Amino acid sequence: MTEQKISIHGVWGSRWTFILAATGSAVGLGNIWKFPYITGENGGGAFVLVYLFCIALIGIPIMMAEVLLGRQGRQSPINTMRELVRETGTHKSWKLLGWVGAIAGFLILTYYSVIAGWSLNYVYEMGSGTFSGKDGQQVGSIFDELLANPKQLLFWHSLFMVMVTVVVAQGVIKGLEKAVRILMPLLFLLLILLVGYALSTDSFGRGFAFLFHVDFSKMTWSAALTALGHAFFTLSLGMGAIMVYGSYMPKKASIGGTVLMVAALDTLVALVAGLAIFPIVFSNGLAPGAGPGLMFITLPHAFGNMGFGQLFGTLFFVLVTFAAWSSAISLIEPAVAWVVERFKVNRGLATVMLCFLAWFVGLGTVFSFNLWAEMTLAGFTVFDGLDFLTANIMLPLSGLFIALYVGWVLPQQRVKSELALSQSVLYQLWRFVLRFLAPLAVLIVFMVPLYEKFAG
Ligand code: PHE
């Protein structure tokens, strides 16, 4: 009986714990590091608008579907899909969904940890006052020096991976709730402080306009694909993280409201980060399209030139590291939960093995910025390639299939039994989006850039 299923990995204390954990997963480097830099690379306003559409029209409905699947299965995503396929007699190939997700999460972790390592390095640099009084150029070269130094990158990457291993080995449910409850609001406060600083520069208006002035002439199909992929990435969709957290969610908690809350918080953090970063970019004559270093150049510069900057700056990077930590945990959790179920090994062993493997594969990203920087395939370094493969291909594809599975394949009573609003207009709307709109939108955004690439 589905009603009686509970997960062997535990159940959240309440709906709030789920909200906190899912927000912990969603809010991470994607919001503070990736969103601003891809917005900068893709021309600003129009890109932001497309991204917001993707969140609202595709991301939120698919997130509901993913939570629903997790709560139906109450196991790791791989076994949840296997169970559902068995119980409902649907085609075997749907089991692939769980697999693609777990592999995508694992691959993302391999490079996510390297970037989180940058953030750890900045805790140290901020704390030792490296940026005090430095101009934009100097802050930029400090960043370049970091990237050019594989030993240093390796050290911080390893440290971060150890941090992830320690938490996941003990079980996700314990520490996470407390950490998220305190640290997320603090991070948000510091971002607001940075917006305050941005307001004091002479370029707040320009930064604001860059983010919100919509000019579609700057938009391309490949930018739309990046926006779509990022909507999945930032909401932690399409790789089982939300499904596995959903599987720990109490039966009575409402899915729709919960998901809306998580998505709204996530989007808010990204926009506030953008508002903090772009005015600083323009007031220092930096290029918005500077790439992955954007946050690591602009913000240290701001901290280096404000009162108590050393203190706030250190705290800021501590909090960014925490946000990355709570996301990284959810990247590996689906794989760990599966190894525990499948091989009946204990959680500690499963975690150490998988994290070690992820650390090892992560070396490819470490070297992407120095020793292997020239080693590219179709213009991609290892890091670029992994980022593109996971965020722009695997996540949207698996999201598409989640929508199709819940919209078309999963028996209706199961879907209805999970949602409180099964008679209402909202339910009809959600179902329509899941069956038609989301799949179509993903397909179009997905196919056109590929078509352009290969036909043009
Ligand atoms: N959502 C996280 C972020 O924005 C990254 C992530 C992706 C985490 C997928 C889990 C799953 O940083």
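First, a word on what this report is: a plain description of the structure on this page. The model shown is predicted, which means the values in this text are computed figures rather than measured ones.

Quick word on the overall build of the protein
Right, so step 1: Scanning the protein from terminus to terminus reveals 18 helices and zero strands.
Right, so step 2: Whereas a compact globule of 456 residues would reach a radius of gyration of roughly 23 Å, the protein reaches 21 Å, a difference of no more than 12%.
Right, so step 3: Looking at the protein as a whole, 61% of its 456 residues are labelled buried.
Right, so step 4: Of the contacts made within the protein by residues no fewer than 6 positions apart, 85% connect residues no fewer than 24 positions apart.

Things to note about the pattern of salt bridges
When the charged atoms of two side chains lie near each other, side chains of opposite charge can form a pair.
Right, so step 1: Applying the stated criterion to the full structure yields five salt bridges.
Right, so step 2: The salt bridge partner of Asp387 is Lys34, with a shortest N-O separation of 3.0 Å. Here the residue Asp387 occupies a position in helix α16 (residues 382-409), and Lys34 occupies one in helix α2 (residues 29-41), the gap between them amounting to 353 residues.
Right, so step 3: Asp387 gets classed as buried once you look at its relative accessible area, which sits at 12%.
Right, so step 4: Notably, a salt bridge pairs Glu87 with Arg414, separated by 2.8 Å at the nearest N-O pair. Taken together, the residues Glu87 in helix α4 (residues 77-88) and Arg414 in helix α17 (residues 412-418) connect sequence positions 327 residues apart.

Topic: helix α14 (residues 309-343)
Right, so step 1: In this model, α14 (35 residues) spans 50 Å end to end at C-alpha, consistent with the 51 Å of a helix rising 1.5 Å per residue.
Right, so step 2: The largest bend in α14 comes to about 40°, at Glu333, with the proline Pro334 one to four residues further on.
Right, so step 3: Most of α14 sits inside the fold, with 27 of its 35 residues counted as buried.
Right, so step 4: Looking at the residues trailing α14, positive phi occurs at Lys344, about 55°.

Remarks on the packing of helix α3 (residues 45-73) against helix α18 (residues 425-455)
Right, so step 1: Across the interface, α3 lies against α18 with an axial gap of 9 Å and an inter-helix angle of 120°. Comparing their axes, α18 and α3 come out oblique. As α3 runs across α18, the sense of the crossing is left-handed. Contacts between α3 and α18 pair Leu57, Ile58, Pro61, Ile62, Met64, Ala65 and Leu68 from the former with Trp430, Val433, Leu434, Leu437, Ala438, Ala441 and Val442 from the latter.

Focus on the site of the ligand
Right, so step 1: Residues in close proximity to the ligand total 14 residues, the closest being Ala26, Gly30, Tyr112, Phe233 and Ser236.
Right, so step 2: One nitrogen or oxygen atom from the main chain of Ser25 is found 3.2 Å from a nitrogen atom belonging to the ligand.
Right, so step 3: Within the side chain of Tyr112, an N or O atom sits 2.5 Å from an oxygen atom of the ligand.
Right, so step 4: Calculation on the ligand without its partners gives an accessible area of 330 Å², and the protein chains cover 100% of this total.
Right, so step 5: Residue composition of the shell around the ligand, by class: six nonpolar, eight polar and no charged.

Focus: the packing of aromatic side chains
Right, so step 1: Going through the model one piece at a time under the given rule, you end up with 33 aromatic pairs.
Right, so step 2: Here Trp118 and Phe143 contribute two aromatic rings whose centre-to-centre distance is 5.3 Å and whose plane-to-plane angle is 80°, an arrangement assigned as edge-to-face. One end of the pair, Trp118, is in helix α5 (residues 96-127); the other, Phe143, is in helix α6 (residues 136-147), with 25 residues separating them in the sequence.
Right, so step 3: Sitting above the plane of the Phe233 ring, Lys34 keeps its charged end 4.3 Å from the centroid.
Right, so step 4: Cation over ring: Arg435 sits above Trp408, and NZ or CZ is 3.8 Å from the ring centre.

Some details on the nonpolar core
Right, so step 1: If you look at the biggest cluster of nonpolar residues, it comprises 168 residues, and the most contacted ones within it are Trp118, Phe316 and Trp430.
Right, so step 2: The residues contacting Phe316, other than those within four sequence positions of it, are Ile32, Leu187, Leu190, Leu191, Leu194, Leu299 and Phe303.

Let's talk about the environment of Arg71
Right, so step 1: Mapped onto the secondary structure, Arg71 falls in helix α3.
Right, so step 2: Placed 371 residues apart in sequence, Arg71 and Val442 show a C-alpha to C-alpha distance of 25 Å.
Right, so step 3: Setting aside its immediate chain neighbours within four residues, Arg71 contacts Gly246, Ser247, Met249, Pro250, Lys251, Lys252, Ala253, Ile255 and Glu418.

Considerations on a nonpolar patch on the surface
Right, so step 1: Taken together, the side chains of Phe53, Leu57, Trp408, Phe432, Phe436 and Leu437 present a nonpolar region at the surface, about 590 Å² in accessible area.
Right, so step 2: Every element with two or more residues in the nonpolar patch is listed here: α3 and α18.
Right, so step 3: With three residues, α18 is the single largest residue contributor to the nonpolar patch.
Right, so step 4: Owing to a relative accessible area of 35%, Leu437 belongs among the partly exposed residues under this scheme.

Quick word on the side chain of Thr234
Right, so step 1: Residue position: Thr234 is located in helix α10 (residues 221-234).
Right, so step 2: A polar contact of 2.8 Å, which involves the side chain of Thr234, links it to the side chain of Asp266.
Right, so step 3: If we ignore the near neighbours within four places in the chain, the residues touching Thr234 are Ala26, Asn31, Tyr51, Ile55 and Asp266.

Considering the environment of Arg181
Right, so step 1: Along the chain, Arg181 falls in helix α8 (residues 172-200).
Right, so step 2: In this structure Arg181 comes out as partly exposed when scored by relative accessible area, which is 47%.
Right, so step 3: For the pair Arg181 and Gly101, spaced 80 residues apart in the sequence, the C-alpha separation amounts to 27 Å.

As for the packing of α3 against α10
Right, so step 1: Orientation of α3 relative to α10, taken along the N-to-C sense of each, is 45°, at an axis distance of 8 Å. With respect to α10, the axis of α3 lies oblique. Crossing geometry of α3 relative to α10 is assigned as right-handed. Contacts from Phe47, Val50, Tyr51, Cys54, Ile55, Ile58 and Ile62 in α3 reach Ala223, Ala224, Thr226, Ala227, Leu228, His230, Ala231, Phe232 and Thr234 in α10.
Right, so step 2: Partitioning the contact of α3 with α10 into residue classes produces 13 nonpolar, three polar and no charged.

Rules used in this analysis
- Residues numbered from 1 in each chain as written.
- Predicted model: local features only at pLDDT ≥ 70, side-chain atom pairs only at ≥ 80, totals over all residues.
- Heavy atoms only, no water.
- Helix = DSSP H or I, 4+ residues; strand = E, 2+ residues; numbered from the N terminus.
- Rg over C-alpha atoms; globule rule 2.2 N^0.38 Å.
- Buried < 20%, exposed > 50% of the residue type's maximum accessible area, 1.4 Å probe, protein only.
- Contact = heavy atoms within 4.5 Å.
- Salt bridge = Lys/Arg side-chain N within 4 Å of Asp/Glu carboxyl O.
- Expected span 1.5 Å × (residues − 1).
- Bend = angle between axes of the 7 residues up to and from the residue.
- Axes fitted to C-alpha atoms, helices over the stretch in contact; angles between N-to-C directions.
- Parallel < 35°, antiparallel > 145°, perpendicular 65-115°, else oblique.
- Left-handed = near helix turned anticlockwise from the far one by under 90°.
- Near = heavy atom within 4 Å.
- Polar contact = N/O pair within 3.5 Å; in protein donor to acceptor, adjacent residues only side chain to side chain.
- Areas by Shrake-Rupley, 256 points an atom, 1.4 Å probe, with all protein chains shown as cover.
- Nonpolar A, V, L, I, M, F, W, Y, C, P; charged D, E, K, R; others polar.
- Phe/Tyr/Trp six-rings, centres within 6.5 Å; stacked < 30°, edge-to-face > 60°.
- Lys NZ or Arg CZ within 6 Å of the ring centre and 35° of its normal.
- Core = buried A, V, L, I, M, F, W, Y, C linked by side-chain atoms within 4.5 Å.
- Patch = residues over 30% accessible without salt bridge, like charges linked within 9 Å, V, L, I, M, F, W, Y side chains within 5 Å.

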